[in-house]
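Chains, contacts and geometry: an overview
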Amino acid sequence: MAKLFAVVLLVLNALGPNTGIKLDGNVYTDILIAINPAVPQNDEIITQIEGMIINGSAYLFQALDNKVFIKEVKILVPPNWNGSYHKARRETYKKAKIISEPSHPSFGDDPYTKQIKGCGEESEYTHFTPNFLLNDNLLDAYGPRGRVFVHEWAHLRWGVYDEYNEKEPFYFSVTQEVQPTRCTREISGQLYELINGNTLPCRNNVLTGLPTKECQFYPDREQKTNASIMYMQSINSVTAFCHEGEHNTEAQNMQNQKCNNKATRTVIFQDSVDKDALQTLKPLQSPPSAPTFSVIQRRHRVICLILDVSGSMQGERILRQRQAATLFLSEIVEEGAHVGIVKFSTGADIVNPLIEIDGKASRDSLIKKLPTIAAGSTNMCTGLAKGFEVLKEDDQNTIGDDVIFLTDGEATDNIAGYLDSAVATGAIINTLALGPDASNVLLTMATLTDGSFVKANDSLLSNQLVEAFSSFTMSDGDPIKQTIQLVSTGKVPHDWFNGTVPFDHTVGNSTTFTIIYERSAPIVYIETPSGSVYDQTHITDIADTKTITLNIPGTAETGDWKYSFLNKESTAQTMTLTVTSRAARNDVPPVTVQAQMNQQTSDGSKPMVVFAEVSQNRIPVLGAKVIATLQSDTGHSENLYLLDNGAGADNFKDDGIYSRYFTKLRTGRYSLKVEVTDHKEDTKKKVLPSRYSGALYIPGYIVDGKLQLNPQKPPVSVQSADVGSFTRTATGESFVVSVPSGVTPPNFPPNKITDLSAEIQEDTVLLNWTAPGEDFDQGTAESYEIRWSKHLEMLLNNFSNASLVNTSALQPQEAGSDEQFSFLSGITIQNGTTLFFAVRSEDKEAMKSEVSNVARATKFVPTPRPPAISNPGLNLTAIVVSFCAVTIVACVIAAVTTCAMKRKKIITV
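Residue numbers here run from 1 along each chain, matching the order of that chain's written sequence. Residues qualify for local features only when their pLDDT is at least 70, as the model is predicted, and side-chain atom pairs are given and counted only at 80 or more; totals for whole chains, interfaces and linings, by contrast, use all residues. Hydrogens and water are ignored here; the side-chain numbers use all heavy atoms of the structure.

A look at the pattern of salt bridges
Applicable threshold: Salt bridge, as applied in this entry: a Lys or Arg side-chain nitrogen positioned within 4 Å of an Asp or Glu carboxyl oxygen. Only DSSP runs of H or I covering at least 4 residues are called helices, and only runs of E covering at least 2 are called strands; the numbering of each starts at the N terminus. Buried means the residue's accessible area, taken with a 1.4 Å probe over protein chains only, is under 20% of the maximum for its type, while exposed means over 50%, and partly exposed covers the values in between.
Tallied over the full model, the rule gives 39 salt bridges. Across the pair D65 and R265 runs a salt bridge, and its minimum N-O distance is 2.4 Å. In this pair, D65 is assigned in the loop between α2 (43–63) and β4 (69–70) and R265 in helix α8 (residues 264–270), connecting sequence segments 200 residues apart. Here R265 falls in the partly exposed class, since its relative accessible area comes to 23%. Salt-bridge contacts for R203 lead to E193; the nearest nitrogen and oxygen are separated by 2.9 Å. You can see R203 sitting in the loop between β13 (198–200) and β14 (215–219) and its partner E193 sitting in strand β12 (residues 189–195), a full 10 residues away along the chain. On the basis of relative accessibility, which here comes to 32%, the residue R203 falls in the partly exposed class. Relative accessible area serves as the criterion here: at 1%, E193 is assigned to the buried category. The structure contains a network of salt bridges with shared partners spanning E122, R157 and D274.

Set out below in structure tokens:
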């Protein structure tokens, strides 16, 4: 089996990352842009997208030394748009890397890119609002759309970050000057405060010495530098990414924090997915032609279930298949879809041709046809061929249609030789491997056809097969249509199987309780929050599939639903419960969970990462309890408590994406299940979500020495979902680990600390960070090595020679804990001095982590003369105003302090 895993791994690695976008020579192809169904039909959006990409391709060509450009783009319009569009093949909304949706409640019309992985890694998607695409009034503030596209493309494709910082727009340089956070420093401009429409010189905050939050840096419209696209692509002269010779390593921006202070160009050419090609490609001698576009559309969904009924499916397996397929047909597949069923063993038969799902009767007719008898060999090619025959019934082709292909055994025919034919159909083949013996070709087939690969065992208690079928939902970008799995759980009770299912206000329609039992039907008792009861008189018991269903009429009540199932037998029997529902109202999107791994295959040499996004229409759900279960077909199982703390595997804090490293890698095919519940004390907190990487809104420019303002940016609201008590269960795609034969799975070092911060109080330094683990973010590290320097480059390039801090009294805490450590620097720190700090951790086997992000701190004590603000446009008035403000407040502070001391003395006496 290990050899077969290794073969699959080699094939998938040769295919490269399964993102859709491909770099073929000098050209990017297979770029998919999708428009959300919530966007009203407007063909001008398509025109503007095309113009943006055409101009962006030319700008990209210039920025990357005439090496690469965009050749081919597909635009997927929503199913509810009218028009004669080309039929989509395997393109779906979920697979689009660029999307157009209505404005994000917290980000407005800011173009942004969702980055959940590390520096140099491809991102999830880029988001442009319809208003950004249509409203030319935004172009002054963001820059031409083609330039903005390239800014976002760099986030999306190459995993670089922004070179500005809206939260920390200014910092102290090592020369004790106040600098705007920018790259490069060659970008010139002036500092002003805009108050009630009037421009005033900037003031300094008397406690920090930095400009107040009202202060803005306004760049000169005309610049002499051509960098940097990741700072201000809106400036006409900017045509390049920042390189090492001009990169501002001091700036406190995300690029420096996430990418070890490397310049964006360095990451693009040395660390990104395209690094090898970009280093070896020859520049083109002439400008490329403009990209080509095709506008495509998916209409109704066409699905064929291809079900294994070979001899190895006898007994419990054929029953499990019927139970899971029944739930899929009755609750999961959406109205309007066309569904057919094929069974295969030695031969293949059409169980039911395509019929439209248009209510309960059509669903029940398919369920009655599900196969019940298993015998014969496992001729997979025969089954697939018959399934493709069914898919042709609606329009004589299989392009863009869906297959759900379930099998439990190794093929008795040449399934590997059939791969090319299967791919050529244009169908999306989702594969379901039941048990440990299912062919390893299933993963390759799913990958090559943009389908999903899910493995499941045949245990009733695990409920994995039901969960697997439930994961094959349609996603056109409209969460209202999705079936949400609230609970999937099992128990082996002697008597009662009890529990509670909380219903939040975002779900409630089409709610179903499904109980599957081992031998005989239990007594059912389900109580609503208001005290109403559903019992035996309300259920449907299908004895031949050992399944009980309870369909809740109307919209289920919000609150806790209590369930009790009484096992009437004298001995224990296994029972499982699955609860599904849909959105409560069309105008209230439900809370959803999406689970995924950072890659589908691993050779065990590097840890994998588990991600779970918990959100309500892209608004993050914060403070949830998220548990991921990873279980292999060889018996290895791990439970991971995922975190949204901005440390370890988690890229951004409070963005609703919960993450953790998976380090205990063993050979096998793994399933991924995520269970989410609310932490009642945490989920109601309101914070501004971590802003993803995106283009900077420029409030104005300096033109001929005068400030010209752009339209004021609408304020954003503090948004986080507040849904009350809730629970969700989600199944992600399965993945394969293949540790080479004879190789011991590695022990990993502690993870890199990425959130180190520093503060200087008198001559004492206070450091804060999140504790790493023994193996990345698992367990507890053995020790910390803390060093500091007056020179940033020392910590970046020669950490071991920086000044060492005595940490003998510092005992590391468990991974994920908040660490705090204070120490005397050993020197007299002068006012205005900036120091740099970094940490490296070590485990019990003396394996060391990477050096942390470099934290900086400046000692600032209010004095009659504030630090200089490095600003060629700052005039004498600004200095006088700042001087007066600092002096007055310093005097006030001194007076209050003296008064307090005298009062304390009097009370003490």
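Let us keep going from here.
So, the sheet that holds strand β42 (residues 727–737)
Put simply, the rule is: Only strands joined by at least two bridges in the DSSP assignment are considered to pair.
The strand order across the open sheet built from five strands is β32-β42-β38-β35-β36, with neighbouring strands paired in mixed fashion. Because the sheet does not close on itself, it has two edges, and the strands there are β32 (601–602) and β36 (637–642). The pairing of strand β35 (residues 624–632) with β36 spans six bridges and is antiparallel. By the bridge assignment, L630 is partnered in β36 with E638.

A look at the sheet that holds strand β7 (residues 98–100)
Pairing within the open sheet is mixed, and its eight strands lie in the order β6-β15-β5-β3-β7-β9-β8-β39. At either margin of the open sheet sits one strand with a lone partner, and together these are β6 (86–87) and β39 (693–694). Across four bridges, the pairing between strand β3 (residues 31–35) and strand β5 (residues 72–77) is parallel. Bridge assignment links I33 to a residue of β5, and that residue is I75.

With respect to the side chain of D476
Stated formally: Polar contacts here mean pairs of N or O atoms no more than 3.5 Å apart (in protein, one a potential hydrogen donor and the other a potential acceptor; neighbouring residues in sequence count only if both atoms are side-chain atoms).
Looking at where D476 falls in the secondary structure, it is placed in the loop between α15 (464–470) and β22 (484–491). Among the polar contacts made by the side chain of D476, one reaches the main-chain amide nitrogen of D478 at a distance of 3.0 Å.

A closer look at the nonpolar core
The criterion, for reference: To form a nonpolar core, buried Ala, Val, Leu, Ile, Met, Phe, Trp, Tyr and Cys residues must be joined to one another through side-chain atoms within 4.5 Å. Should any heavy atoms of two residues lie within 4.5 Å, those residues are counted as being in contact.
By size, the foremost hydrophobic cluster in this structure holds 68 residues, and its most contacted members are L64, W158 and F241. Not counting residues up to four positions away in its chain, the partners in contact with F241 are A63, L64, V150, A154, W158, S228, I229, M230, E246, T264, R265 and I268. Judged by nonpolar contacts, the second largest core, of 49 residues, contains I296, V609, F611 and V739.

Some words on the packing of α2 against helix α5 (residues 145–158)
Here is the rule we go by: Under this scheme, a helix contributes an axis fitted over its contacting stretch, all axes are lines through C-alpha atoms, and angles between N-to-C directions fall in the 0 to 180 degree range. Working rule for angles: under 35 degrees goes down as roughly parallel, over 145 as roughly antiparallel, 65 to 115 as roughly perpendicular, anything else as oblique.
Between α2 and α5, the least distance of the axes is 8 Å, while the angle of their chain directions is 70 degrees. On the basis of the axis angle, α2 is roughly perpendicular to α5. Residue-level contacts link Q48, M52, I53, N55, G56, Y59 and L60 of α2 to R145, G146, R147, F149, V150, W153 and W158 of α5.

A few points about the environment of H505
Looking at the element boundaries, H505 is found in the loop between β23 (496–503) and β24 (507–517). With relative accessibility at 36%, the residue H505 sits in the partly exposed group. Sequence separation of H505 and I702 is 197 residues, and the distance between their C-alpha atoms is 50 Å. What H505 contacts, discounting residues up to four positions off in sequence, is T558, A584, V588, D722 and V723.

Observations regarding the packing of aromatic side chains
Condition: By convention, a stacked pair of Phe, Tyr or Trp rings (six-membered ring in the case of Trp) has centres within 6.5 Å and planes under 30 degrees apart, an edge-to-face pair has planes over 60 apart, and any other such pair is tilted.
Using the criterion set out here, one finds 29 aromatic pairs in the structure. On the basis of an interplanar angle of 85 degrees and a centroid distance of 5.8 Å, the ring pair of F132 and Y142 is categorised as edge-to-face. Residue F132 is located in helix α3 (residues 130–134), and its partner Y142 is located in helix α4 (residues 139–142); the two are separated by 10 residues in the primary sequence. For the pair shown, F132 and Y142 are each scored as buried.

Notes on the environment of G143
Position of G143 among the secondary structure elements: in the loop between α4 and α5. According to the relative accessible area criterion, G143 is buried, its value standing at 1%. C-alpha separation for the pair G143 and Y697, spaced 554 residues apart in sequence, amounts to 8.8 Å. Residues within four places of G143 in sequence aside, it is in contact with L138, V148 and S234.

Notes on α2
What sets the pattern is the α-helix's 3.6 residues per turn: residues three or four places apart point alike. This is how the line gets drawn: Multiplying 1.5 Å by the residue count of a helix minus one yields the expected span of that helix.
Taking 1.5 Å of rise per residue, 21 residues should cover 30 Å, and α2 covers 30 Å from first to last C-alpha, within 8% of that figure. All of the buried residues along α2 are I45, I46, Q48, I49, M52, I53, G56, S57, Y59, L60, F61 and A63. Between the side-chain oxygen at the start of α2 and the backbone nitrogen of E44 there is a gap of 2.9 Å, and the oxygen is on N42. Once α2 ends, the next one or two residues include D65, with phi positive near 60 degrees.

Brief notes about the pairing of strand β9 (residues 125–128)
Of the two faces of β9, the one lined by Y125 and H127 and the one lined by T126 and F128 are each fully buried. Note that strand β8 (residues 112–114) and β9 share three bridges and pair antiparallel. Across the sheet, the residue bridging to K114 is Y125, located in β9.

Thoughts on unusual backbone geometry
The peptide bond linking C183 to T184 adopts the cis configuration, its omega dihedral lying at 10 degrees. Following A227, the chain continues to S228 via a peptide bond in cis, the omega torsion being 15 degrees. Among the secondary structure elements, S228 is positioned in the loop between β14 and α6 (229–232). Positive phi values are uncommon outside glycine, yet N260 reaches one of about 55 degrees. Within the fold, N260 resides in the loop between α7 (254–258) and α8. For N260, a relative accessible area of 35% gives the class partly exposed. In this structure, D654 takes a positive phi of about 55 degrees despite not being glycine. Along the polypeptide, D654 turns up in the loop between β36 and β37 (657–662).

Some thoughts on the confidence of the model for the chain
Put simply, the rule reads: One confidence number per residue, pLDDT, is output by the predictor and ranges from 0 to 100.
On average, the chain scores 90 in pLDDT, and the residues at 70 or more come to 91%. Between residues 14–18, whose pLDDT stays under 50, and residues either more than four places distant or in other chains, the model counts six contacts. Across residues 872–909, confidence stays below pLDDT 50; counting only partners more than four residues off in sequence or on other chains, it has 25 contacts.

Notes on the pairing of strand β15 (residues 292–297)
Taken together, the six bridges between β5 and β15 define a ladder with parallel strand orientation. Note that in β15 the partner of V77 across the bridge is Q297. Here two bridges tie β6 to β15, and the two strands are oriented parallel to one another. Directly across from K87, in β15, lies its bridge partner Q297.

A look at helix α14 (residues 441–448)
Of all eight residues making up α14, seven are buried, and the element is well covered by its neighbours. Following α14 by one or two positions, D450 adopts a phi angle in the positive range, close to 60 degrees.

A short note on the environment of R728
Inspection of the secondary structure puts R728 in strand β42. Each C-alpha atom, one on R728 and one on A838, is 39 Å from the other, the two residues being 110 residues apart in sequence. With residues up to four places along the chain from it excluded, the contact list for R728 reads I484, Q485, L486, D504, T506, V507, V591, V593, V674, E675 and V676. Within the structure, R728 has its side chain in polar contact with the side chain of T506 (distance 3.3 Å).

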